[in-house]
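Architecture and fold: a report
Each chain, letter by letter, is given below.
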Amino acid sequence: MSETLIGVLVGGLLSGLGTWIAIGVQHKRWVLETRITRLNAKRERLEAAYEETLKQLLKGMSEGNYSITMMSDIDFLFPQAVSKEFEKLMAEEDKSELNMKFHYYDIARAMKASIRNIEDEIDALILGKKEKNKD
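So, how was this worked out
- Residues numbered from 1 in each chain as written.
- Predicted model: local features only at pLDDT ≥ 70, side-chain atom pairs only at ≥ 80, totals over all residues.
- Heavy atoms only, no water.
- Helix = DSSP H or I, 4+ residues; strand = E, 2+ residues; numbered from the N terminus.
- Expected span 1.5 Å × (residues − 1).
- Buried < 20%, exposed > 50% of the residue type's maximum accessible area, 1.4 Å probe, protein only.
- Arc of directions from axis to C-beta.
- Patch = residues over 30% accessible without salt bridge, like charges linked within 9 Å, V, L, I, M, F, W, Y side chains within 5 Å.
- Areas by Shrake-Rupley, 256 points an atom, 1.4 Å probe, with all protein chains shown as cover.
- Salt bridge = Lys/Arg side-chain N within 4 Å of Asp/Glu carboxyl O.
- Lys, Arg positive; Asp, Glu negative; His and termini not counted.
- Charge placed at Lys NZ, Arg CZ, Asp CG, Glu CD.

The subject of this paragraph is helix H3 (residues 80–91). Compared with the 16 Å implied by 1.5 Å per residue over twelve residues, the 16 Å span of H3 between its first and last C-alpha is a close match. Val 82, Ser 83, Glu 85, Phe 86 and Leu 89 are the residues of H3 that are buried. For H3, the arc enclosing every buried residue in end-on projection is 165°, short of the 170-degree limit, so these residues lie on one face. More than 90 degrees from the buried face of H3, the exposed residues found are Gln 80 and Ala 91.

Next up, the structure:
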């Protein structure tokens, strides 16, 4: 092969390489932005669901009757830490007002912790660090 042909091939490869690098960088940025958007949406959904669940939980504690929808949300949509705290409430034999307040606090605390974990994960992605915690 002639030197001219080799030069054309090498030049073509190098010019194409720049395009592929740019595409790769854009793809990585798109994946990161999509992940952050999804985490923000998850946080917003959970915050709204937590607010409604806490209202229903308080009503259920006072009436001694819990909504099936609320219970299924806790079991299947909420993080495991929230479910565990709710299971402790359901297993509790002492239904005194003070004891119910402690359980209510523990459940609300688990909910807030899960929101904080999502926010920490978003911060870690933005700062380029590895994920701290997955729910």
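That shown, we press on.
On the surface, Ile 6, Val 10, Leu 14, Leu 17, Ile 21 and Val 25 cluster together to form a nonpolar patch covering roughly 530 Å² of accessible area. Examined against the element boundaries, Val 25 turns out to sit in helix H1 (residues 3–63). Since its relative accessible area comes to 45%, Val 25 is described here as partly exposed.

With that settled, the discussion passes to a negative patch on the surface. Together, Glu 44, Glu 47, Glu 119 and Asp 123 give the surface a local cluster of negative charge. Broken down by secondary-structure element, the contributors of at least two residues to the negative patch are H1 and helix H4 (97–127). For Glu 44, the position within the fold is in helix H1.

All told, the structure shown has five salt bridges when counted by the stated rule. Salt-bridge contacts for Glu 121 lead to Arg 35; the nearest nitrogen and oxygen are separated by 3.3 Å. Of this pair, Glu 121 sits in helix H4 while Arg 35 is found in helix H1, placing the two residues 86 residues apart along the sequence. What makes Arg 35 partly exposed here is its relative accessible area of 30%. Of the charged contacts, one joins Arg 116 and Asp 120 as a salt bridge, the two residues approaching to 3.8 Å between their closest N and O atoms. With Arg 116 and Asp 120 both in helix H4 and four residues apart, this pair spans about one turn of that helix. What makes Asp 120 partly exposed here is its relative accessible area of 26%.

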